[in-house]
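# Structure assessment
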Amino acid sequence: MINSIYTNKEIFLRELISNASDAIDKLYYRSLTDRNVKLKKEDFKIDLGFNKDERTITVTDNGIGMNVEELEKNLGTIAESGTEMFRLENEKKKDIDVIGQFGVGFYSAFMVAKEIEVISKKYGEAKAYIWKSDGADGYTITEANYDSYGTKIILHLKDDTEEINYSEYLDQYKLETLVKKYSNYITYPIIMMKKTSKLKAGTKDEYEDVFEEETLNSMVPIWKKNKNEVSDDDYNHFYTDTYHDYEDPARVITSSVEGMTSYKSLMFIPNHAAYDYYTKEYEKGLALYSNGVLIMEKCEKLLPDYFSFVKGLVDSEDISLNISRETLQEDHQVELIAKSIEKKIKKELEEMLEEDREKYDNFFKNFGMQLKFGVYNNFGMNKDILKDLIMFYSSTEEKLVTLKEYVSRMKDAQDKIYYACGESIAKINTLPQVESIKDKGYEILYLTEYVDEFCLQVLMEYEGKKFANICSEDVNVDSEEEKKELEEKNKNNSEMFKEMLGFLKDDIKEIRYTNKLKNHPVCLSTKGNVSVEMEKVINAMPTDEKISSEKILEINESHPIAEKLENLYKNDKELLEEYTKILYAEARLIEGLPVENQSEISELICKVLSK
């Protein structure tokens, strides 16, 4: 039964310590309501010990203890939880928290133990009893000699096998690690006797072994302390120690929510991306605690993918867990907490953007791509959440700007948000179309990451302003008079363009004159939703899917090359073909596209130059 419930052997210690804490809780609660119980909270503790020679681990508490009937009921009946009964009996009282729920946690110890002894004496009673079982052939209960009240659990570890090294749990460091990992915030001290060497009194160089008590756990979680008790340095130290970061976090996010689903959370926005952040190996998620006991190291359901850079934890007693307390059940409460956390993170990022732009700029350089993926993924389901957080480089500001900032500077008659795509800012600046758009006083957003254009296509518009790629055929910032003049010139040369189009086979859809180029002779523009940059991104992916954008070869109508082409059309069709192929190759090179017939183009260039 245990092997079918639990998958992680090391949680046995978490379960036994949680049971010990619950037993102490019951007696402490009784001390608050019964004047005859003269005990204070500082009187309680949990002792943890091990013996390598005897291959035993012991967990001892001075809690309420159990009599023979309770041993029968709690340990002899699977899934009988005395803690849950205690909870139900006292559910209206808020003085105390208990952890246990299902009543099977104790049995997890059989994953590592071949036999378990439980010696217990109920507080206020004279007799003690020992419960003993190998987990297979039932159990025995007999009277025992035990001076103290409370419970002592002795695990006799299984022998090592080729597959499993049970002896690792007889290592002091391993036990300390398990306590700090799963039970660091149990509210009672977990004590271990640690052996150290000290100089023997009266000697200069003789040492002796001595044993000293050491508290292994922190007891009070930093997220359960009052805010006025915790400094910024405390949060920073907790972050750097817990997440092994060399730099303080950019932002600390705390929240305490009471309601249908109550929880506390402590989250951090890192100052830099983890070395494996943009790899498949990176695991997102917040640590999930239940009353200070670690249930899951990384709970993915509590954090959306686009905020996967956030580190931290959630502590709630209201989340439904499975019987082993290793995983979550499908639960509406989890969704409520996740939604609340999402809103909290978004609000913190908005405040950082508004209050500390330099810090936000640094954050965005590290994690901006993840936000853009969040806009693009799931068919834009989350675009409204993220659209005000994303930024792009501005041609006029020469720094990262938000879409809101771009729109606030738009010209009165401007109805589009202009953008250009390229591998870098420097390369975008060399695009022929950029020069003319900038000359007319329009701001351009530079899209340098492969997800950028997909992100804008999903957004479609911002505050009613549609996005427009300046390399698209339908982008035209000319006056109506200029448009008419160009239209007439293209009409007059339509036959020449038809002839030139035939030289290039099926590579492009159209050839025409343009007046949006200042000094450059040619450029490529595209029809439809697939741009040249999108073609490059998709075709670079390791899949069989290849696409081709609908390209238009545009020739600068005011460049000397236009007059040259018209003369060749009238007098030398063979040379016109050579010019056409060279100009098309030039346009592809400007856009960063490969030139497949490189040898032919090289020969043509040499041939034309030699004339």
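Residues numbered from 1 in each chain as written. Predicted model: local features only at pLDDT ≥ 70, side-chain atom pairs only at ≥ 80, totals over all residues. Heavy atoms only, no water.

## Quick word on the overall build of the protein
- Helix and strand content of the protein: 19 helices and 22 strands.
- Scaling as 2.2 N^0.38, a compact globule of 611 residues should have a C-alpha radius of gyration of about 25 Å, whereas the protein reaches 36 Å, well beyond that.
- For the protein, the spread of C-alpha atoms along the principal axes amounts to about 120 × 60 × 55 Å.
- By the burial criterion, 51% of the 611 residues in the protein qualify as buried.
- Looking at the protein as shown, the accessible area adds up to about 31,600 Å², and 46% of this sits on carbon and sulfur atoms.
- Computed over 84 positive and 120 negative side-chain charges, the inter-centroid distance for the protein is 2 Å. (Helix = DSSP H or I, 4+ residues; strand = E, 2+ residues; numbered from the N terminus. Rg over C-alpha atoms; globule rule 2.2 N^0.38 Å. Buried < 20%, exposed > 50% of the residue type's maximum accessible area, 1.4 Å probe, protein only. Areas by Shrake-Rupley, 256 points an atom, 1.4 Å probe, with all protein chains shown as cover. Lys, Arg positive; Asp, Glu negative; His and termini not counted. Charge placed at Lys NZ, Arg CZ, Asp CG, Glu CD.)

## A word on the pattern of salt bridges
- Scanning the entire structure with this criterion turns up 49 salt bridges.
- Between E168 and K174 there is a salt bridge, with the nearest N and O atoms lying 3.6 Å from each other.
- Among the residues examined, E168 registers a relative accessible area of 31% and is labelled partly exposed.
- Note that K200 and E206 form a salt bridge whose closest N and O atoms lie 3.7 Å from each other.
- On the accessibility criterion, K200 (31% relative accessible area) is partly exposed. (Salt bridge = Lys/Arg side-chain N within 4 Å of Asp/Glu carboxyl O.)

## Considering the packing of aromatic side chains
- For the structure on display, the rule yields 30 aromatic pairs.
- Ring centres of Y239 and F268 lie 5.1 Å apart, and the angle between their planes is 45°; this geometry places the pair in the tilted category. Placement of the pair is Y239 in helix α6 (residues 232–243) and F268 in strand β10 (residues 263–269), with a sequence separation of 29 residues. Of the two residues, Y239 and F268, both sit in the buried class.
- Feature note: the residues Y277, Y278, Y282, Y306, F307, F309, Y360, F363, F364 and F367 constitute an aromatic cluster, connected by ring pairs. (Phe/Tyr/Trp six-rings, centres within 6.5 Å; stacked < 30°, edge-to-face > 60°.)

## Thoughts on the packing of helix α8 (residues 357–380) against helix α13 (residues 452–459)
- In the contact formed by α8 and α13, the axes pass within 8 Å of each other and the chain directions differ by 55°. The angle between α8 and α13 places the two elements in the oblique class. The element α8 and its partner α13 pack so that their crossing is left-handed. Of the residues in α13, those in contact with K372, V375, Y376, F379 and G380 of α8 are D452, F454, C455, V458 and L459.
- In terms of residue class, the contact of α8 with α13 is made up of 7 nonpolar, 1 polar and 2 charged. (Axes fitted to C-alpha atoms, helices over the stretch in contact; angles between N-to-C directions. Parallel < 35°, antiparallel > 145°, perpendicular 65-115°, else oblique. Left-handed = near helix turned anticlockwise from the far one by under 90°. Contact = heavy atoms within 4.5 Å. Nonpolar A, V, L, I, M, F, W, Y, C, P; charged D, E, K, R; others polar.)

## Here we look at the sheet that holds strand β9 (residues 251–257)
- Pairing within the open sheet is mixed, and its 5 strands lie in the order β9-β10-β13-β11-β12. Looking at the sheet topology across the chains shown, the edges are occupied by β9 and β12 (293–299). Averaged over neighbouring strand pairs, the angle between their axes works out to 15° when direction is ignored.
- Examined bridge by bridge, strand β11 (residues 286–290) and strand β13 (residues 311–315) share 3 bridges and lie parallel to one another. Opposite Y289, over in β13, you have D315 as the bridge partner.
- Packing of α6 onto the sheet brings it into contact with β9, β10 and β13, and relative to β10 it is tilted by some 80°.
- Each of β9, β10, β11 and β13 is contacted by helix α7 (residues 332–355), which is oriented at about 140° to β9, the strand it contacts most. (Pairing = 2+ DSSP bridges.)

The analysis is restricted to geometry; functional conclusions fall outside its scope.
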